[in-house]
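# Descriptive analysis of the structure
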Amino acid sequence: MQIVTYKVPAGKLLRLKAEVENGKLSFVQLSGDFFLSPPEKLQLLEVGLLGQEIANTDALREALHVIVTQNNIVLYGITVEAIVDAIAQLQQGTSSAMVSS
Amino acid sequence: MSFRFIPLETHSAAMNMALDEACMEAVRDGLVAPTLRIYRWNPSAITIGNFQCIADEVDSAAVSADGIAVVRRQTGGGAVFHDTEGEVTYSIIAPEQLFSKNIAESYREICACILRALAALGIAAEFRPINDLVVEGRKISGNAQTRRGGVLLQHGTILFTVDPAVMFRYLTPDKSKLADKPFIKSVQAAVTSVCEQREITREELEKALTNAFHSAFPGVQGHWTEAELMRAAALLRTKYASDAWNKMR
């Protein structure tokens, strides 16, 4: 399991716990002190990331935007870009990383 | 629209959260007026944000040793230690069209009441986006909001007294939370309290808060309905006192 702790610039804290197999996400958990409405839709983001290639940031961004738009998800203190940035930390092979800007 | 104001009550953490949710449902169904409540927590407890991982935020050995309950909120935001003697909490539960659709603006609208209450007590605080009130950069109030079924719930705490040594015996915030606050050297130094700023009583703080909310959201004193209390008791049992909810993440 890799853990990325990401302080969203001018936002809240995002903690990404993930497992990567053959360059693809096989487990994703997003947690932190951010706000998301409706709350139960967080799971849709996590499920939607499964199987995505962590190196393909465009595809990750697109997948997240589609889920957010189609489900009327409101993010506050966290952004799609922040989630993509956190996943990019996985790409670097770090077991724990923090990005502060 | 006239608000129902429920004066100071003290409950367990699970019951406080259950009452908020029961009230949200009643407001959604048009059974009660928009509601303001002020309350305290007994016994002292921790709440964590809806999207937080309990293991990441709380020292499980310390809370187990001291029998401190940890309850997941329906709102986002961070983990909070609610000291029975150390804070006053409010909830405002109302149709969301009474507030700005913009989340940041609605935080500002509601937090303005707390700022006025603190100003009346001689404390110059300011709103620090996203959801905090600070005095010279140190947090004195944290607030959290959710919207569901057309109803807005915002609750928040005002620190009356604070002992960082006790608070951070239980909470384990990530140091990266200070990444954009370079002037704050530690999480312990990141908080202040009403008592640290001014010598006043908790009753004075409660009165100032009540007055500030009343002037912004006029209404009359009221009480819970029997249906709300029954629903809250059910939510307490099935949700806020359950591991399935509290340890969901």
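As the structure is a computational prediction, the values presented were derived from the model and not from experiment.

### Remarks on the confidence of the model for chain A
Confidence in the prediction of chain A, expressed as mean pLDDT, is 90, and 89% of residues score 70 or more. Between residues 94-101 of chain A, whose pLDDT stays under 50, and residues either more than four places distant or in other chains, the model counts 19 contacts.

### Things to note about the pairing of strand β8 (residues 132-135) of chain B
One face of the sheet, then the other: side chains in a regular strand alternate in exactly this way. Residues and elements named next belong to chain B. In β8, alternate side chains face the same way, and those of Asp132 and Val134 on one face and Leu133 and Val135 on the other are all buried. As paired elements, strand β7 (residues 126-128) and β8 share three bridges and run antiparallel to each other. Within β8, the residue paired with Glu126 across the bridge is Val134. With antiparallel pairing between neighbouring strands as the criterion, β7 and β8 make up a hairpin whose turn holds three residues. Across four bridges, the pairing between β8 and strand β9 (residues 138-148) is antiparallel. The residue bridging Asp132 from the neighbouring strand is Gly142, located in β9. From the end of β8 to the start of β9, which pair antiparallel, there are two residues, and Glu136 there has a positive phi angle of about 50°.

### Let's talk about the sheet that holds strand β1 (residues 3-11) of chain B
Residues and elements named next belong to chain B. Reading across from one edge, β7-β8-β9-β10-β6-β2-β1-β11 is the order of the eight strands in this open sheet, with mixed pairing throughout. Since the sheet does not close on itself, it has two edges, and those belong to β7 and β11 (219-221), each with one partner. Each neighbouring strand pair of the sheet contributes to a mean axis angle of 25°, computed without reference to strand direction.

### Side note on the pattern of salt bridges
By the definition in use, this model includes 21 salt bridges over all chains. As a salt-bridge pair, Glu46(A) and Arg249(B) come within 2.9 Å of each other at their nearest N and O atoms. Of the two residues, Glu46(A) is situated in helix α1 (residues 42-49) and Arg249(B) in the segment after α9 (243-246); the pairing between them involves two chains. Both residues of the pair, Glu46(A) and Arg249(B), count as buried.

Here is what the cut-offs are and how they apply
- Residues numbered from 1 in each chain as written.
- Chains lettered and ligands numbered in written order.
- Predicted model: local features only at pLDDT ≥ 70, side-chain atom pairs only at ≥ 80, totals over all residues.
- Heavy atoms only, no water.
- pLDDT = per-residue confidence, 0-100.
- Contact = heavy atoms within 4.5 Å.
- Buried < 20%, exposed > 50% of the residue type's maximum accessible area, 1.4 Å probe, protein only.
- Helix = DSSP H or I, 4+ residues; strand = E, 2+ residues; numbered from the N terminus.
- Pairing = 2+ DSSP bridges.
- Axes fitted to C-alpha atoms, helices over the stretch in contact; angles between N-to-C directions.
- Salt bridge = Lys/Arg side-chain N within 4 Å of Asp/Glu carboxyl O.

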